[in-house]
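Residues per chain are reported as follows:
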Amino acid sequence: MGHVIAIDGPAGAGKSTIARLIADRLGYVYIDTGAMYRAIALWAWRTKTPAGDAHKLEQLATSAEIGLHPHRHVTLNGEDVTDAIRAPEISAMASQVAAIGAVRLALVSKQRELARHENVVMEGRDIGSVVFPDARVKIFLDADPSERVRRRAGELPDHHHTTLATQLAERDHRDRNRLESPLLQAPDAVYLDSTGMTMEKVEEEILAIVRAKISNGKG
Ligand code: DC
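A brief structural summary. Source: prediction; values computed, not measured.

Parameters and conventions
- Residues numbered from 1 in each chain as written.
- Predicted model: local features only at pLDDT ≥ 70, side-chain atom pairs only at ≥ 80, totals over all residues.
- Heavy atoms only, no water.
- Helix = DSSP H or I, 4+ residues; strand = E, 2+ residues; numbered from the N terminus.
- Rg over C-alpha atoms; globule rule 2.2 N^0.38 Å.
- Contact = heavy atoms within 4.5 Å.
- Areas by Shrake-Rupley, 256 points an atom, 1.4 Å probe, with all protein chains shown as cover.
- Lys, Arg positive; Asp, Glu negative; His and termini not counted.
- Charge placed at Lys NZ, Arg CZ, Asp CG, Glu CD.
- Pairing = 2+ DSSP bridges.
- Axes fitted to C-alpha atoms, helices over the stretch in contact; angles between N-to-C directions.
- Phe/Tyr/Trp six-rings, centres within 6.5 Å; stacked < 30°, edge-to-face > 60°.
- Buried < 20%, exposed > 50% of the residue type's maximum accessible area, 1.4 Å probe, protein only.
- 1 Å grid on protein atoms, 1.4 Å probe; cavity = no way out; pocket = protein on both sides within 12 Å on 5 of 7 lines; lining within 4 Å.
- Points joined across faces, edges and corners; volume = space filled by probe spheres on them.
- Nonpolar A, V, L, I, M, F, W, Y, C, P; charged D, E, K, R; others polar.
- Expected span 1.5 Å × (residues − 1).
- Arc of directions from axis to C-beta.
- Near = heavy atom within 4 Å.
- Polar contact = N/O pair within 3.5 Å; in protein donor to acceptor, adjacent residues only side chain to side chain.
- Sits in = over half its atoms within 2 Å of the grid points.

A word on the overall build of the chain
- From N to C terminus, the chain includes nine helices and eight strands.
- At 17 Å, the chain has a C-alpha radius of gyration in line with the 17 Å of a compact globule built from 219 residues.
- Structurally, the chain occupies a C-alpha span of about 50 × 45 × 30 Å along its principal axes.
- Considering only contacts within the chain whose residues lie at least 6 apart along the sequence, 74% involve residues at least 24 apart.
- Total accessible area computed for the chain in this model is approximately 10600 Å², and 53% of it derives from carbon and sulfur atoms.
- In the chain, the 28 positive side-chain charges and the 30 negative ones have mean positions that sit 2 Å from each other.

Details of the sheet that holds strand 5 (residues 79–80)
- On the basis of which strands lie adjacent, the open sheet formed by three strands has the order 3-4-5 and antiparallel pairing. Each having just a single partner strand, strand 3 (66–69) and strand 5 make up the two edges of the open sheet.
- In this sheet, strand 4 (residues 73–76) lies alongside strand 3 in antiparallel orientation, the contact comprising four bridges. Each residue of the ladder has a partner; that of G67, found in strand 4, is T75.
- Against the sheet, helix 2 (residues 33–46) engages strand 3, strand 4 and strand 5, with an angle of about 135° to strand 3.

A few points about the packing of aromatic side chains
- Enumeration according to the criterion identifies one aromatic pair in this entry.
- Plain terms: the ring middles of F140 and Y191 are 6.1 Å apart, the flat faces sit at 15° to each other, and that makes the pair stacked. Of this pair, F140 sits in strand 7 (residues 137–142) while Y191 sits in strand 8 (residues 190–193); the two residues are 51 residues apart in sequence, bridging distant segments of the chain.
- With a relative accessible area of 41%, Y191 lands in the partly exposed category.

Focus: the layout of surface pockets
- Quantified by volume, the largest pocket comes out at close to 1000 Å³.
- Lining the largest pocket are 44 residues; nearest its centre among them are A11, R38, R86, R152 and R171.
- If you list the elements that add at least two residues to the lining of the largest pocket, you get helix 1 (15–26), helix 2, helix 4 (88–97), strand 6 (120–124), helix 7 (145–153) and helix 8 (161–177).
- A volume near 440 Å³ is recorded for the second largest pocket.
- In this structure, the second largest pocket is lined by 25 residues; those nearest its centre are V29, Y30, L68, H69 and P70.
- Looking at the lining of the second largest pocket residue by residue, the class counts come to 14 nonpolar, four polar and seven charged.

Here we look at helix 1
- Taking 1.5 Å of rise per residue, twelve residues should cover 16 Å, and helix 1 covers 16 Å from first to last C-alpha, within 8% of that figure.
- For helix 1, the full list of buried residues reads K15, S16, I18, A19, I22 and A23. Viewed end-on, helix 1 has its buried residues packed into an arc of 165°, placing them on one side of the element. For helix 1, exposure combined with an orientation more than 90 degrees from the buried face picks out D24 and R25.
- Summarising the contacts, the buried residues of helix 1 are in contact with strand 1 (4–8), strand 2 (29–32), strand 6, strand 7 and helix 9 (199–215).
- A positive backbone phi angle near 75° is found at G27, which sits one or two residues after helix 1.

Thoughts on the site of the ligand
- Every one of the 16 residues lining the ligand counts as a neighbour, but R38, R104, D126, R171 and R178 are closest to it.
- In the environment of the ligand, an oxygen atom lies 2.4 Å from a nitrogen or oxygen atom belonging to the side chain of R171.
- D175 is positioned with one of its side-chain polar atoms (N or O) 3.0 Å from an oxygen atom of the ligand.
- Most atoms of the ligand, that is more than half of them, are within 2 Å of grid points of the largest pocket.
- Mapped by element, the contributors of at least two residues to the shell around the ligand are helix 2, helix 4 and helix 8.
- A per-element tally of the shell around the ligand places helix 2 first, with four residues.
- The residue makeup of the shell around the ligand, split by class, is four nonpolar, four polar and eight charged.

Pasting the structure below:
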């Protein structure tokens with residue numbers, strides 16, 4: 001088993017940016033578990049599988065060959081789906097697909113496999129709470145909803161912000177309130193509110209946490 005640094009938190013808190021920076025810094029492999037849920041959602045969307053068809057979704061999740069490559073490139077059954085999985089309708093579908101226990105079981109087992117031989121920085125919603133309860137370092141990265149919308153909105157014109165805010169709030173609500181592995185802070189995770197902080201500052205704080213945990217010899 002490699003070492004695991006788990007970074008959980010809601011959408012737009014800066015997890016991906018930070019997880020990649022930390023992985024680069026430490027020479028760990030970066031793993032975006034959200035991309036895995038998105039890949040299943042894309043496949044479901046294309047095959048017109050309804051979000052309520054748990055059995056079919058489980059089959060898709062077990063048989064999917066999901067590749068996570070450098071520079072956030074993602075493949076599904078050999079096809080490059082890097083951009084396709086980021087479409088707004090796939091984001092919404094991913095959050096619904098992620099509420100299904102059998103889908104989660106299939107993807108969690110793939111996630112555990114990925115850390116079997118390598119050190120990883122893994123980001124998601126349930127990494128510290130469910131996937132790796134014994135992770136060496138656990139961070140719960142949060143930010144105010146308005147700041148999370150701003151970060152997600154990037155260069156989009158202002159009138160798109162309201163739509164984005166509504167979509168983000170819906171996904172958040174579903175991710176926090178589902179029965180299976182809801183988004184929550186593991187009791188032993190370090191809570192970090194990145195509101196108003198630059199990514200450099202967040203990186204600095206997390207590296208300090210990582211160093212403190214590692215020198216304590218935990219995990
Ligand atoms: O991080 P993201 O926005 O790409 O995640 C897409 C969806 O997948 C999101 O609605 C939450 C869900 N997800 C999850 O339930 N568990 C994870 N470990 C990662 C993502």
